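Residue strings, one per chain:
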Amino acid sequence: MANALDQIFVNLKHWLLAWFPSAWQPLISMVISAAAIIAVFGSLFAVTTLAERKGLGRIQNRPGPNRVGPFGILQPLADAVKMLTKESIMPQVADRFIFFLAPTMMLIPTLLSFAVLPYGRNMAAVDFDAGLLFFFAVGASIEMSVFMAGWSSRNKLALLGAMRAIAQMICYELPLILSSVTVVMVTGSLSLGQIVDSQAGFHGGWLARWHVFTPWGLAGFLLFMTAATAESNRAPFDLPEGESELVAGHLIEYSGFKYALFFMGEYFGMMAVSGLGITLFLGGWRAPVAGLDWVPSYLWFFGKLGVCIAVFIWVRGTLPRLRADQLMNFAWKFMLPLTLINLVAAAVWHYTGVWSFGGAAAVRWLLGAALIGVPYVVLGRALYTGHGHGPRTYRYAT
Amino acid sequence: MKHDPGEPDLSALSTGDLVVEPPVTVPAPPPPPGPGYEVTPRPGGADAGDDSLLEVAIGPHHPSTHGVFRLNAVLDGERIVRFKPVFGYLHRNHEKLGEGGSYLGAMPYTDRLDYFCSLTNNWAYALAVERLAGLQVPDRAEYIRIITAELTRIQNHASLIGFLLQELGAMGTPLMYAFREREKILDLFESLTGARMMCNYMRFGGCRCDLPAGWLEQCRRVVDDLPGFYDEFENLLTTNEILMARTQGIGLLAKELAINAGITGPLLRASGVNYDLRKVDHYGLYDRLDFRVPLGAHGDVYDRYMVRILEMRESTKILQQALRDIPGGPVLDPKVKLRNFRPKAGEAYGRIESPKGELGFYLISDGSTNPYRYRIRPPSFINLTILEDMCRGLTLQDALVILGAVDIVMGEVDR
Amino acid sequence: MSLLGAGIIKGLVETARNFVGSYHDPERLTTVEYPEERLALPENARSFPMLIFDNDPVKGLRCVACKICEKECPPQCIYIVQDRDPRGKPLKFPRIFDIDLSVCMSCQICVEVCPFDAIKMNTEFELSTEDRFGGLILRREDLAKSNEYYLEIHPTEAAETDARLAAENAKAEAKSRAPAPATPAPPAALPKPPAAASPAPTT
């Protein structure tokens, strides 16, 4: 019974495919998968915009949008109507073709990257051997769309903003990729399906063998999610779209539907890279404890995705923005060394896997924690107090 | 409509008076002189060699600037070379209005100077007139003045920190928390004076009316909840690494420069100068209350933020003491006339420690019902003059944060 | 704590506390959804002035058109024209009493200087209109509100005013009922200087 529920969408797809002649089936299969992904993630985008506004509102002691439908459910519809009916202004001196193409160039690669993520058991649209590589290759073209937006606007300030945005995205690609390299190293494969499979089984019969439950996995997950926040230009790394900055960034000339497409592309990017993080570190569609694996796998995946998005919203509501040079210092001088050390820690963990004396797990954990924790503290201090930052005490005059 | 003889014929008037002026031939006036300073480099000028300077005007419509004012920035790459504020967009002729009306008539206009802190503005003006006319203020009125002034200080500093973090990109969360407390204080003001912001409460020789029943209990409840709010606020902000990284070391202001430029208020105390008018001038009954003055050591934006948080805590201490010690009695000197108030000829300068700095009123009376000269010393305006020195060499992002920490309100800058 | 990230974690805990609190603690969700919910105004709240009448809007209007409020109003938003009887003698009634709401700044000085407790502050603030100029001028008919209405919106203040007016009336009545000291009509032939005549009782 649980299995039927788990495979319901797979069976539905096979049933639909059976209506077509077998020569057409691969193509129709792709079309069905693509349609399903666009439908699911499109509605998830709408729900996320509403959840973000209501979440931020509740954090700020106010209810968030609640006028348009009950609990504001129809608010995304209202926003869509607003965006569609706004005047789409294109500057006269702008390079028209590239100006028009930039938002679509942001959206298409993120949709492509959705194709390789496994959403449930047997539920990846395309599962091929170099899935992870494909994801990163396609995701990097987002930076190209940012530059296209800044360049085609023919606006000095937009170009400045676009270059700053690209610098930020490029310097966070490295920690992103290096933290996922640890998973590749341990699993021995670039295929996302195999990475999820390598997290099968349960420790001691109850706790899942997710990579996040190892010291290198935990550090890798945190580094990955920080780099992911920077890649999707979310707070505290949202310098490119800061509304209180003078330079409004590469999107300064965009209005109306094109702006909505950029917005959508950014949210899709956030969801895609969260999905990748879930696949790599949180066991994909696998249950966390042995007792709960009767819950359908896609529910686990989307539940974890919801938690990731909630954390993104939480962080956005709390933290102020980092300055441009501080962003880059953080990436190069803190995250990059930590990801490299993480690689070493992953190797140590893997090779000490043969230890079988009593308490071996605790020793391995301590070793891993020390290997990562000591550089963390040292680098943190160098980065932070080295610049003279730190808590202060104040004197009073009576 | 018919009108009686002896009444003005209102039927001809529209929203503006229709007055036909005869055509006047006057020679064209000479072109006005330039702004008095160079913003763009001219060929042959001091910066002639460098063509890469970018001139940007920020404002007057911009979510960052605190009100309508413009900043002319000259950037070399990303670094600021010159940074001149241009204001006057909110000039409302306050000083001339003060000369044209009676002394009492100027009191509601002082509410609108620094519109966040109307009660301290009222007190400064009342102090100046009381010095001019030699009036005595009963003790109960002095205590009420202290209580309202410290409540004003708390809500001003809390809102300011909220706005500073809004500039830093914190999506409004600290602002909403500060406003939550501000609402409680404004409710107190409304039940005391009748209005939330434009209070018009102080009179010459005391306060307009006495405390309503139950106000002291409500005030005590609000004040007792405040330390919890400060702890929450500090948990959210003070040790936040991003805040520290963005604000420490930015916008340094040396002690000597601050004193020479006439800076007052938390800006001065953050640079380490021990100058708080409540301790220096001994105005009001502050001498009877026990409080300390927090001082910063570095003079950067983080110090200004921390000095304000610590001042809020000290204000709470003052409030608790004042609420405990407030005596009974009248709240207004009964000898003062409301109408035809004619102080003797002379001049007086009354100043208080407003939340933004030293707010002073200079009045010259010629014995009639209207002042001869009515001059305001606006702290925001004078604190703004040092902005360029603090921002030179920094990026525009930092400059806007520094502007946020200077705490200006355009109503005061432009009057 | 010198661990990088400790302050950020503290901040995140604070925000989470507010988020969770907003579901069960009314202190953490302070929004009042106007216009479905309205907060009760405190008693002393003021919005714009109103004229008080006792019993009849015309005959009972307390205002005597002394024009003190017009003179003292800082932005000069009050316009008063005194009524005259058919022979041109001024009456103690304002024929025209206009307040321009777009000018009035609710400073309450008119209330303080009125010697007859005729003008008081109203609390009504939902006065928006589409007519930018005429719609924002309140005429005497709009401004006249009964004493019962005043008692309703400002109970303490109105009760104190009523008590004071009643006491003043009682004193005036007592004086007019007491036998007045005799005013001897000065005989035309007497050479007494007029200054020696006894003073008439003043009201």
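See the structure above.
Below or above, wherever it landed, is the structure these notes cover.

Criteria and thresholds
- Residues numbered from 1 in each chain as written.
- Chains lettered and ligands numbered in written order.
- Predicted model: local features only at pLDDT ≥ 70, side-chain atom pairs only at ≥ 80, totals over all residues.
- Heavy atoms only, no water.
- Helix = DSSP H or I, 4+ residues; strand = E, 2+ residues; numbered from the N terminus.
- Buried < 20%, exposed > 50% of the residue type's maximum accessible area, 1.4 Å probe, protein only.
- Contact = heavy atoms within 4.5 Å.
- Areas by Shrake-Rupley, 256 points an atom, 1.4 Å probe, with all protein chains shown as cover.
- Phe/Tyr/Trp six-rings, centres within 6.5 Å; stacked < 30°, edge-to-face > 60°.
- Lys NZ or Arg CZ within 6 Å of the ring centre and 35° of its normal.
- Salt bridge = Lys/Arg side-chain N within 4 Å of Asp/Glu carboxyl O.
- Buried area = accessible area lost by both parts, 1.4 Å probe.
- Polar contact = N/O pair within 3.5 Å; in protein donor to acceptor, adjacent residues only side chain to side chain.
- Nonpolar A, V, L, I, M, F, W, Y, C, P; charged D, E, K, R; others polar.
- Pairing = 2+ DSSP bridges.
- Axes fitted to C-alpha atoms, helices over the stretch in contact; angles between N-to-C directions.
- Expected span 1.5 Å × (residues − 1).

**Thoughts on the overall build of chain C**
In step 1: A count of helical and extended segments in chain C gives six helices and six strands.
In step 2: A total of 203 residues make up chain C; the buried ones form 36% of that total.
In step 3: In chain C, the share of contacts with a sequence separation of at least 24, taken over all contacts with a separation of at least 6, comes to 65%.
In step 4: Element-wise, carbon and sulfur atoms account for 59% of the exposed surface of chain C, whose accessible area totals about 12600 Å².

**Topic: the packing of aromatic side chains**
In step 1: All told, the structure shown has 45 aromatic pairs over all chains when counted by the stated rule.
In step 2: Relative to A:Phe262, the ring of A:Tyr254 has its centre 4.9 Å away and its plane inclined at 75°; by these criteria the two rings are edge-to-face. The burial state of A:Tyr254 is the same as that of A:Phe262; both residues are buried.
In step 3: Taken together, A:Phe41, A:Phe45, A:Phe114, A:Tyr119, A:Tyr259, A:Phe263, A:Tyr267, A:Phe268, A:Phe301 and A:Phe302 form an aromatic cluster joined through their ring pairs.
In step 4: Sitting above the plane of the B:Tyr286 ring, B:Arg278 keeps its charged end 5.8 Å from the centroid.
In step 5: Over the ring of A:Tyr396 we find B:Arg292; its NZ or CZ atom is 3.7 Å from the centre of that ring.

**Some words on the pattern of salt bridges**
In step 1: For the structure on display, the rule yields 62 salt bridges over all chains.
In step 2: One salt bridge connects A:Arg323 with B:Asp398, and the closest N-O pair in it is separated by 3.2 Å. On the criterion of chain membership, the pair formed by A:Arg323 in the loop between helix 12 (297–318) and helix 13 (324–351) and B:Asp398 in helix 14 (residues 396–406) is interchain, its members lying in two chains. Comparing A:Arg323 with B:Asp398, the two get one shared label, buried.
In step 3: When the shortest N-O distance is used, the salt bridge between C:Arg62 and C:Asp54 registers 3.1 Å.
In step 4: You can call C:Asp54 partly exposed: its relative accessible area is 30%.
In step 5: What emerges from the salt-bridge pattern is a single network uniting B:Glu150, B:Arg153, B:Arg269, B:Asp276, B:Arg278, B:Glu311 and B:Glu353.

**What to know about the interface of chain B and chain C**
In step 1: Across the contact, 37 residues belong to chain B and 34 residues belong to chain C.
In step 2: Taken over both partners, the interface formed by chain B and chain C buries close to 2900 Å², and the fraction arising from carbon and sulfur atoms is 50%.
In step 3: Taken together, chain B and chain C are joined by four salt bridges.
In step 4: Between B:Glu232 and C:Arg28 there is a salt bridge, with the nearest N and O atoms lying 3.1 Å from each other.
In step 5: There are 19 residue pairs in polar contact (both at pLDDT 80 or more) connecting chain B and chain C.
In step 6: Only helix 2 (107–111), helix 5 (173–193), helix 6 (215–237) and helix 7 (241–247) of chain B provide two or more residues apiece to the side of chain B that touches chain C.
In step 7: In terms of residue count, helix 5 of chain B provides more of the side of chain B that touches chain C than any other element does, eight residues in total.
In step 8: Residue composition of the side of chain B that touches chain C, by class: 14 nonpolar, twelve polar and eleven charged.

**Details of the interface of chain B and chain A**
In step 1: Every contact between the two is made by 50 residues of chain B and, on the other side, 34 residues of chain A.
In step 2: Summed over both sides, the interface between chain B and chain A buries roughly 3800 Å², with carbon and sulfur atoms accounting for 56% of that surface.
In step 3: Together, B:Met171, B:Ile242 and B:Gln397 form the three largest contributors to the area buried by chain B at its contact with chain A, with a combined 18%.
In step 4: The interface formed by chain B and chain A includes three salt bridges.
In step 5: Counting across the interface, chain B meets chain A through 13 residue pairs in polar contact (both at pLDDT 80 or more).

**Some thoughts on unusual backbone geometry**
In step 1: Here the residue pair C:Tyr34 and C:Pro35 is connected by a cis peptide bond, since its omega of 0° sits within 30 degrees of zero.
In step 2: Tracing the backbone shows C:Pro35 in the loop between helix 1 (6–24) and strand 1 (49–53).
In step 3: Positive phi is not limited to glycine here, since B:Asn200 has a value of about 50°.
In step 4: Phi is positive for C:Asn55, which is not a glycine, with a value near 75°.
In step 5: Tracing the chain through its elements places C:Asn55 in the loop between strand 1 and helix 2 (68–72).

**Points about the sheet that holds strand 1 (residues 53–58) of chain B**
Sheet strands pair by backbone hydrogen bonding; their relative direction is either parallel or antiparallel.
Residues and elements named next belong to chain B.
In step 1: Judged by pairing direction, the sheet is antiparallel, and its three strands sit side by side in the order 1-2-3 without closing on themselves. Looking at which strands have only one partner, the edges of the open sheet turn out to be strand 1 and strand 3 (79–86). Each strand of the sheet is rotated relative to its neighbour by a mean of 15°, with strand direction disregarded.
In step 2: Sheet topology places strand 1 next to strand 2 (residues 70–76); six bridges connect them, and they run antiparallel. Residue pairing in the sheet places Ile58 in a bridge with Leu71 of strand 2.

**Structural notes on helix 5 of chain B**
Residues and elements named next belong to chain B.
In step 1: Between its first and last C-alpha, helix 5 extends 30 Å over 21 residues, near the 30 Å set by a 1.5 Å rise per residue.
In step 2: Burial analysis of helix 5 places 17 of its 21 residues in the buried class, the great majority of the element.
In step 3: One or two steps after helix 5, the chain reaches Gly194, where phi turns positive at roughly 105°.

Read these as geometric descriptors, not functional statements.
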